[in-house]
Structures are given as C-alpha cells and as structure tokens.
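Per-entry structural report
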Number of protein chains: 2
Amino acid sequence: MSLLTVGTVAFDSIETPYGKAEMVIGGACTYISWSASYFTQDIHLVSIVGDDFPTAELELLKNRGVNLDGLKIVEGGKSFFWSGRYHNNMNSRDTLITDLNVLADFDPILPESAKSSKYVMLGNLTPRIQAQVLDQLDGSQKLIALDTMNFWMDIAMDELLAVISRINLLTINDEEARQLSGEHSLVKAAKVIHEMGPEFLIIKKGEHGALLFHGEDIFFAPALPLSEVFDPTGAGDTFAGGFMGYLAKTDDISMENMKRAIIAGSAMASFCVEDFSLNKLKILTLPEINARLQRFKKLIHFELE
Amino acid sequence: MSLLTVGTVAFDSIETPYGKAEMVIGGACTYISWSASYFTQDIHLVSIVGDDFPTAELELLKNRGVNLDGLKIVEGGKSFFWSGRYHNNMNSRDTLITDLNVLADFDPILPESAKSSKYVMLGNLTPRIQAQVLDQLDGSQKLIALDTMNFWMDIAMDELLAVISRINLLTINDEEARQLSGEHSLVKAAKVIHEMGPEFLIIKKGEHGALLFHGEDIFFAPALPLSEVFDPTGAGDTFAGGFMGYLAKTDDISMENMKRAIIAGSAMASFCVEDFSLNKLKILTLPEINARLQRFKKLIHFELE
C-alpha cells in the first residue's frame, strides 16, 4: 500500500561526544522515507528544498522507490538547516541554529497520485501546514499518523489540537505527552489524548523504548541496549518510518500487527543511531534487519510457567 | 529452598504528592521478606531493631514463614529511621532525615540454620557489614545477590569492590551502574561489572523497567505502566524480594528461569507502589499476582511473522 510522508528535507550539523558532522543530510521526511523504503517501495515524499540540496541524494531516494513529484526545489533557495550539540548522556541536546530558509514558505501541494495514499505520516511541522496536507487528502486513508513536538504546544496549541482531532495516530515523547495532557502518569495521559481524537498513541521514550496505547490495550517495545549510541539525530523519524513502512507493506492495522510494526520501527531506529546522518540507514540489508528483529524478540521474550 | 536476607528493618516517614505517611514500617529487609514470602516460606531475616518496633509487625512476618532468630532487638534502643520527600515526578526524592539509631551498632550474627541458605539477598548496607555476612556463610550457596547504592561508591569504593568480587548477582540502578563502571552505555557498564566478579547484573531503571545481563545475554523486563504511582519507597527491595523468592521457590538459576524471576519481581514492585509502606504487599493473593504476571506477558508479547 502507498505511504505519503510530509515533512522536512534538510541539512544538519551535529556534534556528539563521538565527533562532529557538518552539513550532512537530515530532515524528518528523509529519515522516514529511507526507513520505510526497506518495507515498501510505494512512497510519496512531499517537502521543499533549495537548489543547494544534492541531486545525487534525491536520485538515491528515487532508487529506493520514493516518488519525489511532491518535492519542491526552489531555485536560488537554501534548504532548511538545523544544528545541534548533544550532551554527554545523549539524552538531551542544545539547538544551536535553526535556519528555516525555504521551509518558511512551505506550502505543500500534494500530487494527484498522493492524495489517495492509504497511509500518511505527517512529520513534525507547524500544525497549520499539517492541516493543509489533511485538507488535500481524498478521505480514503486507512491510517493518518502525525508527529509533533513541545514547541508547537507552547506557541500554537489551538491549531495543534485542531489537527490532532483529525488523525488516527499521534507520536510524541513522554514529556510532550505529559505537557499535552496535563497528566504525569502516561496511562492517564493516553486516556486524555485518546479523547482528543487519535485512537492510537505512541509515546516515544528514547533509550527507554516506546509505548503503544489503543483503547485499554498497552504494548511496550524496548529500545535495544547498545554499546554505543553514536548520534541519536533522526531516531524518532526513523522509528516512525519503519513503523509506517511496515504497516503500508502489511496493510493491517490490527493491534497484533501494530506491535510488529513498532518492533520494526524500533529495529530501524537502533540502526540509525549507530552512525551520523543516514550513513547506516543507507547500507542496510534485509537479513541484517531480520536478525535485529530477532534480537528484539530475544531481549523481551519469556515464558510463564 | 531457603532464602537469607540481611538488611534494614525500619521506620519511614514519607511525603509524596498524594499524601504523607508518618513513622510507617519500612526497611529493605522488610520489603524483601514480605515480597519473597509470596513465593517461599523458608526465609531467614537478619537485622536489628530497637524495642520501639511493633511486636505485631514481627508476628505478621513470622506468620509469613519468616524466621526471625537473626533479628536482634535492642532493649531501650530506637529503630533505624528514614524520612524522605518525593518530587512531583516521583523519580527523584530528597532525604530529609537518616537516623541510624541501633543500626550504627549492627553486627550481624547469622543463626546456624541460616548459614547454609541456598539463596542470599544482601540488602543495601555498608559494604563492611555485607562482607561480615559473607564471612559467616558455609560456602554451599547457589546464588548470592547484593544491593548497594551510590553513597557507598562515594565513600567506600574499595570495600564495596571487595564485597562485589565475592557475589554472583549485583542489583543497582542505571546511574549507579554508570558510576561503578565509568561507562555511560549500560552494555559496556555490564561488561566492566561482570569483570568485577558478579556473573549476573540487574540494572534497575524504575519506571523504565530493569535489565538483566549475563555473559552476552540481555533480558529486558518492563515496568507496568500504572495510572498512579502512590509511593515508590521500597519498590527496588520488593523487586529483589520477588526475584529471589521466585528463584528460591524454583531452585533454578538458568537464564530462562531468571527471566521469569525478574518478571515476578517486577510484578511485586508494581503492587508495592500502589500504596504507602507495605500496605498493599500485606494483602495480596496468589490469583492477583498471577493475573499481574499475565499483564506483563500481554504488555510485551508479540509474534514476528
């Protein structure tokens, strides 16, 4: 089934305790698309870049089955740029620079062929733009997922709540779930957020895994304990891409299949953090991915007597 | 099989966002023993209290199959007292008062019958006293587990390392594992700590679950997402008690059985936090415990295609 992803395609400069990467490829949509491409080759990417964005990178995406008809390339424009520095524990980071550049004028136009995508992943963007995308969909979607962040809760809560009311699945981190719901307990937060609209909620906890809430059901997916987390940038988007790619591939949104999809997303995220940028995500093989899925199984499998 | 537990039996005064509890029953050994008593009735408790400690509480422990021959009651003495206040997020707390009282003179003497206990759980105490207990064991133990904390790493690292080299299983939290090993990655920390002696390591992550490391094997047990964490005091000791009680009951220290034991400990801890002190732990039934074990299974069970 087809997957539409809308979000940033960008440059990042990143500093971690392991080193520096200057002006490398980043952006939510890029991570989502690369990650999803290991599960489905029917992907529409809608985003905006300047003509400084390398053509070779776009060719690589096309070769992965990503349709770029919805990618606007602005002549003479500069691509969105983000720069950040991670602290020693890798769980927190400082944003050093955010240059919106062409993203400031992003007015997403969905190609006709993308409007009927069965699965939609809206990357973190201003809620107004996320709503513009929803306005263009033909209503035949099976699952619409949305990622957001505390920034929009701080400055555009009403618009954010409006767009959240129109989607099926929300992905946010634990602190954001608390902020959005006003509840400290994630179980209580999930109930409040379900009432806002989304019947599915994924709370991402970084190195502590992820929780999927649906009605009274809760599923927990661990993060894989790793010897080294080299660079966490893009891990959340890679998770979302693997998750949505798996759903698009299997076209099954039962709770049982959602669990497999979350493990698939977690496995992809565990690769993402092993290197800067998309370096690791670009060179994976299906046997490597399957072996990692088995490691997740082994990590949490037990038999009661 | 028999379980020996050595540690504090105490009074606590606790303040959480949900309320206050003044001079309630606490202490590592108390939590460990109550929790373990749902799995085995062959428990030796070695500790020290003043004559202010309620006789009725000791009778309750005896009724649970806990042998108190090793509990010294100091005439005219006052029991160990700890007072703390939890912050709103429940993950951090301030210690307000620590009155060692009779604990300052704790010189644990194992009753003859306790020296051959197959399973030993050393609660958090000064490493010197933990070593004194080891000195008295007859060498026939199947598993010796030890809990400690950052405080001893700060002021008595050499003594702590000496006692750690003599045990089979260490339980500490994630920050303590990092401090003890000098490694941020828990996978790397586990390797360093294995080299210190213990072939098993349990890293407790509170609301984020627990990790068991053994050789190259890693098992992850989640914490149960709860609507309300009323009071986290004693959760780590309750976890250890359930874990060791389950091992003593099944007398099987294979990795597969250790996984079940960790889930048992996690289930007991999930009850502990539902009320102040031992209030909830005192009134459990086996069907309740079994139902909770099933909830853990449901929380993390998935089938790969």
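Everything numeric in this text was worked out from a predicted model, so none of it was measured. (Residues numbered from 1 in each chain as written. Chains lettered and ligands numbered in written order. Predicted model: local features only at pLDDT ≥ 70, side-chain atom pairs only at ≥ 80, totals over all residues. Heavy atoms only, no water.)

Remarks on the relation of the copies chain B and chain A
Selection criterion: To line up the copies, we fit them by least squares on C-alpha atoms, keeping just the residues with pLDDT of at least 70 in both. Whether two residues are in contact is decided by their heavy atoms, any of which lying within 4.5 Å being enough.
Note on the identical chains: chain B maps onto chain A by a rotation of 180° and an axial translation of 0.0 Å, with an RMSD of 0.0 Å. Each copy turns onto its partner about a two-fold axis. When each C-alpha of chain B is compared by its distance to the rotation axis, B:His208 comes out closest, at 3.0 Å. Most of the interface of chain B is mirrored in chain A: 100% of its interface residues are interface residues there too.

Considerations on the sheet that holds strand S3 (residues 19-26) of chain B
Residue and element names in this part refer to chain B. Formally: Strands qualify as paired when DSSP identifies two bridges or more between them. Labels follow the DSSP assignment, with helices taken as runs of H or I lasting at least four residues and strands as runs of E lasting at least two, numbered in each case from the N terminus. Between N-to-C directions, angles cover 0 to 180 degrees, with each direction set by a line fitted to C-alpha atoms, over the stretch in contact for helices.
Within the open sheet, the 4 strands sit side by side as S3-S2-S6-S7. Their pairing is mixed. Two strands lie at the open edges of the sheet, namely S3 and strand S7 (93-99), each paired on one side alone. On average, each strand axis in the sheet is inclined to that of its neighbour by 15°, with strand direction left out of account. Pairing between strand S6 (residues 80-86) and S7: 6 bridges, direction antiparallel.

Some details on unusual backbone geometry
In this model, B:Met23 sits at a positive phi of 50°, which is unusual for a non-glycine residue. Of note, B:Met23 is situated in strand S3.

Topic: the packing of helix H3 (residues 127-136) of chain A against helix H5 (residues 157-164) of chain A
Residue and element names in this part refer to chain A. Note the cut-off: Angles are sorted into four bins: roughly parallel if under 35 degrees, roughly antiparallel if over 145, roughly perpendicular if 65 to 115, and oblique for all others. Helix crossings fall into two classes, left-handed where the near helix is turned counterclockwise from the far one by less than a right angle and right-handed where it is turned clockwise. The nonpolar class holds Ala, Val, Leu, Ile, Met, Phe, Trp, Tyr, Cys and Pro. Asp, Glu, Lys and Arg form the charged class, and all remaining residues, Gly among them, are polar.
With their axes 9 Å apart at the nearest point, H3 and H5 run at an angle of 25° to one another. Judged by the angle between their axes, H3 and H5 are roughly parallel. Handedness of the crossing formed by H3 with H5: left-handed. Across from Pro-127, Arg-128, Gln-130, Ala-131 and Leu-134 in H3, the residues of H5 making contact are Glu-159, Leu-160 and Val-163. When the residues that make up the contact of H3 with H5 are grouped by side-chain class, the tally is 5 nonpolar, 1 polar and 2 charged.

Let's talk about the sheet that holds strand S4 (residues 43-50) of chain A
Residues and elements named next belong to chain A. Judged by pairing direction, the sheet is mixed, and its 9 strands sit side by side in the order S5-S4-S1-S8-S9-S10-S11-S12-S13 without closing on themselves. Of all strands in the sheet, those bounded by a partner on one side alone are strand S5 (66-74) and strand S13 (217-221). Along the sheet, successive strands turn relative to each other by an average axial angle of 15°, direction set aside. Sitting on the sheet, helix H6 (residues 174-181) is in contact with strand S10 (169-173) and strand S11 (200-204), with an inclination near 115° to S10.

With respect to the environment of B:Asp147
Residue and element names in this part refer to chain B. How we decide: What qualifies as a polar contact is a pair of N or O atoms within 3.5 Å, subject to a donor-acceptor requirement within protein and to the restriction that residues adjacent in sequence count only when both atoms come from side chains.
Here Asp-147 shows up in strand S9 (residues 143-147). Residues Asp-147 and Leu-110 lie 37 residues apart in sequence; the distance between their C-alpha atoms is 19 Å. Excluding residues that lie within four positions of it along the chain, Asp-147 makes contacts with Met-121, Leu-122, Gly-123, Asn-124, Gln-130, Thr-171, Lys-204 and Asp-237. Of note is the side chain of Asp-147, whose polar atom sits 2.9 Å from the side chain of Thr-171. Polar side-chain contacts of Asp-147 include one of 3.1 Å to the side chain of Lys-204.

Section: the side chain of A:Lys205
As a reminder of what qualifies: Each residue's exposure class comes from its accessible area (1.4 Å probe, protein chains only) as a fraction of the maximum for that residue type: buried when under 20%, exposed when over 50%, partly exposed otherwise. Only four residue types enter the tally: Lys and Arg on the positive side, Asp and Glu on the negative side; His and the chain ends are excluded. The term salt bridge refers to a pairing of a side-chain nitrogen on Lys or Arg with a carboxyl oxygen on Asp or Glu at a separation within 4 Å.
Mapped onto the secondary structure, A:Lys205 falls in the loop between S11 and strand S12 (210-214). Nearest to the buried, unbridged A:Lys205 among oppositely charged side chains is B:Glu207, at 5.2 Å. Contact partners of A:Lys205, with chain neighbours within four places excluded, come to A:Asp174, A:Leu186, A:Ala210, A:Leu211, A:Phe220, B:Glu207 and B:His208.

Focus on the packing of aromatic side chains
Stated formally: Pairing of aromatic side chains requires ring centres within 6.5 Å, counting the rings of Phe and Tyr and the six-membered ring of Trp. Pairs whose planes differ by under 30 degrees are stacked, by over 60 edge-to-face, and all others tilted. Definition used: whenever NZ (Lys) or CZ (Arg) falls within 6 Å of the ring centre and also within 35 degrees of the ring normal, the charge is taken to sit over that ring.
Tallied over the full model, the rule gives 15 aromatic pairs over all chains. Judged by centre distance (5.4 Å) and plane angle (20°), the rings of A:Tyr18 and A:Phe230 are stacked. Here A:Tyr18 is found in the loop between strand S2 (10-16) and strand S3 (19-26), whereas its partner A:Phe230 is found in the loop between S13 and helix H8 (235-250), with 212 residues between them in sequence. Under the relative-accessibility criterion, A:Tyr18 is labelled partly exposed at 39%. Here the aromatic rings of A:Phe230 and A:Phe276 are separated by 4.8 Å at their centres, their planes lie at 80°, and the arrangement is edge-to-face. Residue A:Phe230 is located in the loop between S13 and H8, and its partner A:Phe276 is located in the loop between helix H9 (255-272) and helix H10 (286-300); the two are separated by 46 residues in the primary sequence. Both residues of the pair, A:Phe230 and A:Phe276, belong to the buried class. Here a set of aromatic residues connected by ring pairs shows up, and it is made of A:Tyr18, A:Phe230 and A:Phe276. Above the ring of B:Phe302, the side-chain terminus of A:Lys297 is found at 4.8 Å from the ring centroid.

Some remarks on the state of the cysteines
Spelled out, the test is: Only a pair of cysteine sulfur atoms within 2.5 Å counts as a disulfide in this structure description.
Applying the stated criterion across every chain yields a total of 0 disulfides over all chains. Looking at A:Cys29, it has no disulfide partner, and the nearest cysteine sulfur is the one in A:Cys272, 15 Å off.

Things to note about the pairing of strand S1 (residues 3-6) of chain B
Residues and elements named next belong to chain B. Of the two faces of S1, the one lined by Leu-3 and Thr-5 and the one lined by Leu-4 and Val-6 are each fully buried. The pairing of S1 with strand S4 (residues 43-50) spans 4 bridges and is classified as parallel. From the neighbouring strand, Thr-5 faces S4, where its bridge partner is Leu-45. Summarising the sheet, S1 and strand S8 (residues 119-122) pair through 4 bridges and their orientation is parallel.

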